[in-house]
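Structural overview for review
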Amino acid sequence: MKKNFDRCLEMLLHHEGGFTADKFDPGNDGDGYGNQGSTNMGVTAKVYAAFTGQPAPIEVMQKLTVADVAPIYKQNYWDRVRADDLPSGVDWATFDWQVNSGNRSAKALQRNVGAKADGAVGPMTLQAVANHDPEDIIRNMHSSRDTFYRSLKLFGRYGRGWTRRNDETLEAALGMVSDN
């Protein structure tokens, strides 16, 4: 729902943490300008450089603030899944997975509600979402996300954190449904 972006961003930033330069992170592949990959508050150097049109060396990445990353999360992830138009809780479950694994979350949402899984959340997807119980959608998203994580080669390295994040997202999303 429209009112949930700030709340969801706060929860997301808790999951994402601070500055890292993990060479094993598949999403951490540099900024496109030849700089070593780094991440701060979940935003990779590549994403930051693409959003700003400027190189994102480690010195820049280390100094990012919430004000720097919030517009990226809003435009590139929240708006892309039309989270303002999703039910409370479904917005969080979809947004968090979108950030963590790309457009996979939009397709999973669509599959879970019987819409065409093209990754473009539009009026038909939103109507299909409206025809389903938000708690069922959230639980199905959690299950789909867990299956996806367990299929990844790096599950042994990151799986505990991924599944903890998924479980925390499930709990918070279900709480958001009951708050309304």
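Residues numbered from 1 in each chain as written. Predicted model: local features only at pLDDT ≥ 70, side-chain atom pairs only at ≥ 80, totals over all residues. Heavy atoms only, no water.

Check the secondary structure of the protein and you find nine helices and two strands. Reading the secondary structure of the protein in the N-to-C direction produces α-β-β-α-α-α-α-α-α-α-α. Whereas a compact globule of 180 residues would reach a radius of gyration of roughly 16 Å, the protein reaches 16 Å, a difference of no more than 12%. When the backbone C-alpha atoms are referred to their principal axes, the protein occupies close to 45 × 35 × 30 Å. (Helix = DSSP H or I, 4+ residues; strand = E, 2+ residues; numbered from the N terminus. Rg over C-alpha atoms; globule rule 2.2 N^0.38 Å.)

Applying the stated criterion to the full structure yields ten aromatic pairs. A ring pair is formed by Phe5 and Trp78, whose centres lie 5.4 Å apart and whose planes are at 70°; its orientation type is edge-to-face. Placement of Phe5 in helix H1 (residues 5-16) and of Trp78 in helix H4 (residues 66-78) is noted, with a sequence separation of 73 residues between them. Looking at Phe5, the relative accessible area reads 9%, which means it is buried. Taken together through their ring pairs, the aromatic side chains of Phe5, Tyr73, Tyr77, Trp78, Trp92 and Phe95 make up a single cluster. Taking the ring centre of Phe5 as reference, the NZ or CZ of Lys74 above it sits at 5.9 Å. (Phe/Tyr/Trp six-rings, centres within 6.5 Å; stacked < 30°, edge-to-face > 60°. Buried < 20%, exposed > 50% of the residue type's maximum accessible area, 1.4 Å probe, protein only. Lys NZ or Arg CZ within 6 Å of the ring centre and 35° of its normal.)

Helices that pack against each other are described as a pair by the angle of their axes relative to one another and the distance between those axes. It is the contact of H1 with helix H5 (residues 90-101), at a shortest axis distance of 10 Å, that shows an interaxial angle of 40°. Put simply, H1 runs oblique to H5. Of the two possible hands of crossing, H1 and H5 adopt the one that is right-handed. In contact with Phe5, Cys8, Leu9, Met11, Leu12, His15 and Glu16 of H1, H5 contributes Asp91, Trp92, Phe95, Asp96 and Val99. (Axes fitted to C-alpha atoms, helices over the stretch in contact; angles between N-to-C directions. Parallel < 35°, antiparallel > 145°, perpendicular 65-115°, else oblique. Left-handed = near helix turned anticlockwise from the far one by under 90°. Contact = heavy atoms within 4.5 Å.)

Interaxial distance between H5 and helix H9 (residues 155-179) falls to 8 Å at its minimum, and their mutual angle equals 155°. Judged on the interaxial angle alone, H9 and H5 are roughly antiparallel. On H9, the residues touching Asp91, Trp92, Ala93, Asp96, Val99 and Asn100 of H5 are Trp162, Arg165, Thr169, Ala172, Ala173 and Met176. Of the residues in the contact of H5 with H9, the class split is seven nonpolar, two polar and three charged. (Nonpolar A, V, L, I, M, F, W, Y, C, P; charged D, E, K, R; others polar.)

Take the side chain of Asn4 next. By the element assignment, Asn4 lies in the segment before H1. If we ignore the near neighbours within four places in the chain, the residues touching Asn4 are Trp78, Ser88, Asp91 and Met176.

Right, let's get into the environment of Val129. Considering the arrangement of structural elements, one finds Val129 in helix H7 (residues 123-130). With a relative accessible area of 3%, Val129 lands in the buried category. In this structure, the C-alpha to C-alpha distance between Val129 and Asp85, residues 44 residues apart in sequence, is 9.8 Å. In contact with Val129, not counting residues within four places along its chain, are Leu86, Pro87, Leu109, Val113 and Ile137.

Once that is clear, we can look at H4. With 13 residues, H4 should cover 18 Å at 1.5 Å per step; its first-to-last C-alpha distance of 15 Å lies more than 12% under that length. Every buried residue of H4 is listed here: Val69, Ala70, Ile72, Tyr73, Asn76, Tyr77 and Trp78. Looking at the buried side of H4, the elements it contacts are H1, strand S1 (39-40), strand S2 (43-44), helix H2 (45-52) and H5. (Expected span 1.5 Å × (residues − 1).)

If you walk through the whole model with that rule in mind, you get nine salt bridges. The partner of Arg145 in a salt bridge is Asp96, with the nearest N and O atoms 2.7 Å apart. One end of the pair, Arg145, is in helix H8 (residues 134-150); the other, Asp96, is in helix H5, with 49 residues separating them in the sequence. With a relative accessible area of 1%, Arg145 lands in the buried category. For Asp96, a relative accessible area of 0% puts it in the buried group. (Salt bridge = Lys/Arg side-chain N within 4 Å of Asp/Glu carboxyl O.)

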